[in-house]
Every structure is written in C-alpha cells, then in structure tokens.
Amino acid sequence: MRPQADPHDIVVIGAGIVGIAIAACLSEAGRNVLVIDRQGICEGTSAGNAGALAFSDILPMASKGILAKVPGWLMDPLGPFTIRPSYLPKLAPWLYRFWRASRADMLERTIEAQGAMMGLAEPEMLGLMARAGLRDMIREDGSLELYESEEELNTALPGWMARKRAGIAFEHLRGEQLAACQPGLASRFVVGTFVPGWKTVSDPQHVGKGLWDYVQRLGAGFVKAKVDSVSAQKNHATAHLSDGSTVSASKLIIAAGAWSHRLAKEMGDVIPLETERGYNTTLPVGAFDLKRQLIFSGHGFVVTPLETGVRIGGAVELGGLDLPPNYRRSEAMLMKAQKFMPGLETGGGRQWMGYRPSLPDSLPAIGYSGTSKNVLYAFGHGHLGLTQSAATGRLVTDLVGGKEPSISIEPFYPQRF
Ligand SMILES: Cc1cc2nc3c(=O)[nH]c(=O)nc-3n(C[C@H](O)[C@H](O)[C@H](O)COP(=O)(O)OP(=O)(O)OC[C@H]3O[C@@H](n4cnc5c(N)ncnc54)[C@H](O)[C@@H]3O)c2cc1C
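The notes below deal with the structure included here. Every chain is numbered on its own, with residues counted from 1 as its sequence reads. In keeping with the predicted nature of the model, local features appear solely for residues at pLDDT of at least 70, side-chain atom pairs appear and are counted solely at 80 or more, and the whole-chain, interface and lining totals rest on all residues. As a rule here, side-chain values cover all heavy atoms of the structure and leave hydrogens and water aside.

Some points on the site of the ligand
Test applied: Only a single heavy atom is needed: when it lies within 4 Å of a molecule or strand, its residue is near that molecule or strand. N or O atoms closer than or at 3.5 Å make up a polar contact, with two conditions inside protein: a donor-capable atom paired with an acceptor-capable one, and, for residues adjacent in sequence, both atoms drawn from side chains. Shrake-Rupley sampling with a 1.4 Å probe provides the accessible areas, and residues are treated as covered by the protein chains on show and by no other component. Helix numbering and strand numbering both begin at the N terminus, where a helix is a DSSP run of H or I of at least 4 residues and a strand a DSSP run of E of at least 2.
The ligand sits among 31 residues. The nearest are D37, S46, G382, H383 and T387. Between the ligand and D37 there is a distance of 2.6 Å, counted from an oxygen atom to a side-chain nitrogen or oxygen. With respect to the ligand, the backbone of A52 contributes an N or O atom lying 2.8 Å from an oxygen atom. Computed on the free molecule, the ligand has an accessible area of 1000 Å², of which 97% lies beneath the protein chains in the complex. Elements supplying a minimum of two residues to the shell around the ligand: α1 (17-28), α2 (45-48), β18 (350-358) and α11 (385-400). At four residues, the largest contribution of residues to the shell around the ligand is made by β18.

Structure follows, in structure tokens:
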C-alpha cells in the first residue's frame, strides 16, 4: 500500500467480528471507514467459534466454580482447562489477576457490568442483523446445559440464581422432559437446564462475511496488510504497515483480537491480555440430530448445530500466541461427545483452533488509549466476542461521535488493571 496524502476518517485494525461490527455501526452513522487485516475478512477466531449469541452468559470465567475445578483439570493434559507448562512463567501475572477477579466484591461488580453489556448486546445484534438483511441466520431454539448428577446441578445453582436475579429465564428438566428437549443423550445425564432466550447463528463465518457485504454496501473499504505498529499525532493517528507504508486517520481503532495488546503497548498502554486457546471439530451436516446447542460445562465443551455441520468444541488452553496447536484436544472432545451422544457419526470432521482474547475479569477493553484520544481500543471479549460485537460497535460509534454511551463504559476502561 502506498503512503497517502490525506488522513482517512476512521481506520479499524482487525476484521474479526468485533472490527466488522464496529465498521458497520460507524458506516451506518455516516463515517468513512477503512478496515485493515493481515488475513482477510472473518478468517480467524471469529470464523470458527461455537456460534452462540450467549446473551444470558453474564458470569465471569473466574466465578464458574472454575477455580475449584482447576487443580483436577490440570491433572488431565487433554482436559477442559490446561496450561502449557513452558508458558506458565509468562502467565503468572495474568493468573494472579484472574484469581483476584474471583473475589466476591469484584464478582458482583463484574456481573453487573456484564449484565448491562448483555442488555445492550441483544437488541444491537438483532437490530444489526435485521438491517443487514441477515436476521434469518439467527436460530432461536435456546440451549440445554447438561449435568450428570443432582449434586453437579447443586454446585451450579448459585450461578443460576445470579442469572435469575438478572431476569434470565431457565428451566431444569428431568426424565421425559429432558429426553424430549434432546433425544439420544447418554443416560448419565440426569438433569438439563433449558435456557429459551439463548440463540445461535447458522455459521459464525457466514455471519461475519454477510455483515461485511453490508458494510461494503455502506461504502467502507478494506486493505489486506499487517500493521506493525501505531502512533498518534496531534490531530490524527497512524498505522505503520509491514511493507513500510503508513495509513493515517482522524481515529484509529484497535480491534485486533488476541494480538491487540501488542499494538496498545506501542501507545504506552500495558494491558494484561492473554489468549484462551480453544479447539473444535466440525462434523458433516447430519452427524447427529441436534435440536439446539448442548452445553457440557462439566467437561468444558459445547455441541452446536450449524448449517455447515455439527461443531463440537470449547476447552481452554493457556499457551500464548506462538506455540503450535495440539489437535489431540479436538480429538479428546470428539471422543467424549461420542460417549455422551451415542448415535454421533464421528467421521469426516475438520479440526480447528482459535485464540479467545481474554482479560482476567472476563470484561472487554473498550475506550481510549491512555495517551491519545485519536486511538481507541475494542478487544478482549474472551468467550463472548460474537455475542457482544454489535454492542461494542455501538459503544465505539458513540465515543467517536462524542455521544454519551447508553451504558457506563467505566467497567471496560482499558486502563482498569
Ligand atoms: C472454541 C471457541 C468457541 C467460541 N465460541 C463463542 C461463542 O459461541 N459465542 C461468542 O460470542 N464467542 C465465542 N468465542 C469467542 C469469539 O470467537 C471471540 O471473542 C471473537 O472471535 C473475537 O473477535 P475479534 O474480532 O476481537 O478477534 P479475531 O476474530 O481474532 O479478529 C482479530 C483480527 O485482527 C487481525 N490482526 C491481528 N493483529 C493484526 C495486525 N498486527 N495487523 C493486521 N491485522 C491484525 C487478525 O488477522 C484477525 O482477523 C469462541 C472462541 C473459541 C476459540
């Protein structure tokens, strides 16, 4: 790309679902947007996730009874939560903050902030999809979270009570009701909690690419390039590309997923972003007659009906951005799914790994850089980037337009750590 004479209006770095949704909201507001990504449109983590619009998922990772389970899980190198041993020294500060985020007073504030974000996320996502002509890509058949004993359900009850207080509807099903909600499950699952308001998409990559078609129709542009660094000047900010050229804009928005902290550091902001790597296998369409998304939270994975197949995956691997994937994790979840859903056809699957961009308190970073109002951050959505993408687009558009956001963005300040 050649150096340009005049700054663009807005440049967004990152064409994952968050960058695309930001570009959509800004373009709708009449702004002139250029998106830069080294891979293409919705080719990375946003392409292969589990496709849930998890508007009721307001509990931070640090609260889901995870800390109690971690020691047991760590014993299993292919279990739901692993730390790659060689990465542990680098991870220690993030783990410490993760542990602090589990304190009762912190949890209460985080759940409140996440609840407010979800209150915005649902109407924003449904509205954006409708305006883009993609509303039929959203399935509204709820989710079913499965438990192997009443005791396991009892352990999860405080979390369900917190959701109840937030107005989220659910129902615990047993016996015939459970079998009717999802036929063909192994008998080890004795209780299932049905959440009717949970939604999924037909395929997350189709959603990203479909939204991008809409953004393009609104006039936005795209450049395929790697951004090496960013800098801010008095009236604009500049992205420095790996071919030596530069792109300037009155506002530069960093929405580069799990890599965003590297660019934020160039602006003087040290943000404790880590990646929770996740794995899955997508089996051909018809591999199982799934009625809705199934959540095996005790085993750290979900099974999703997509128009492109049956996607089985999840898990958390703390191993940074550079270590090679360990696809035995995809296989381990597939093998478990076969036990849990005995009729599952396991042949012909595609394996995948993605990088969840995660902050220790499970809230995203949305707001200005600490050193310039010409650079904004929108990253760190962890397990919820698809779910919260349109809400993030709205909040960023409000900030750029000088409008008071409809929810407080204080809990999302990038400098809160
Ligand atoms: C197994 C798994 C299951 C998940 N399930 C769900 C789910 O059901 N629901 C949900 O809401 N979320 C889910 N998530 C989380 C969700 O996928 C992420 O939160 C979301 O994709 C993050 O989007 P993003 O746009 O911030 O990042 P990304 O999708 O990672 O996009 C960032 C983009 O920035 C680009 N980039 C980075 N650095 C540079 C650079 N220097 N120069 C140029 N370009 C750059 C990358 O190429 C990439 O395209 C899941 C994640 C995983 C791994």
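Remarks on the pattern of salt bridges
Rule in force here: The salt bridge criterion pairs a side-chain nitrogen of Lys or Arg with a carboxyl oxygen of Asp or Glu, the two atoms within 4 Å. Think of it in three bands: with a 1.4 Å probe and only protein chains considered, a residue is buried below 20% of the maximum accessible area for its type, exposed above 50%, and partly exposed in between.
Enumeration over the complete set of coordinates arrives at 19 salt bridges. Residue D105 pairs with R103 through a salt bridge whose shortest N-O separation is 3.2 Å. Between E124 and R394 there is a salt bridge, with its nearest N and O atoms 3.1 Å apart. Residue E124 is located in helix α5 (residues 104-131), and its partner R394 is located in helix α11; the two are separated by 270 residues in the primary sequence. Across this residue pair, the class does not change: E124 and R394 are buried. Bridged by salt links that share partners, the residues E122, R135, E140 and K199 form one connected network.

Digging into the packing of α5 against helix α8 (residues 204-217)
This is how the line gets drawn: Lines fitted to C-alpha atoms define the axes, with helix axes restricted to the stretch in contact, and inter-axis angles between N-to-C directions lie between 0 and 180 degrees. For this classification, under 35 degrees means roughly parallel, over 145 means roughly antiparallel, 65 to 115 means roughly perpendicular, and everything else is oblique. For a crossing to be left-handed, the near helix must be turned anticlockwise from the far one by less than a right angle; the clockwise case is right-handed. Note on definitions: a residue-residue contact is assigned when non-hydrogen atoms from the two residues lie within 4.5 Å. Residues are grouped as follows: nonpolar covers Ala, Val, Leu, Ile, Met, Phe, Trp, Tyr, Cys and Pro; charged covers Asp, Glu, Lys and Arg; every other residue, Gly included, is treated as polar.
Interaxial distance between α5 and α8 falls to 10 Å at its minimum, and their mutual angle equals 60°. Judged by the inter-axis angle, α5 sits oblique to α8. The handedness of the crossing between α5 and α8 comes out as left-handed. Counted together, M125, L128, M129 and R131 of α5 and V207, L211 and Y214 of α8 form the full contact between these two elements. Here the contact of α5 with α8 is built from residues that sort into six nonpolar, no polar and one charged.

Quick look at the sheet that holds strand β5 (residues 138-139)
Short version of the rule: One requirement defines pairing of two strands: DSSP has to find at least two bridges between them.
Across the sheet, three strands lie side by side as β3-β9-β5; this open sheet has antiparallel pairing. Among the strands making up the open sheet, the edge pair consists of β3 (52-53) and β5. Two strands pair when backbone bridges link them, and β5 and strand β9 (residues 199-201) are joined in this way by two bridges, in the antiparallel orientation. In the strand pairing of β9, R139 is matched with T200.

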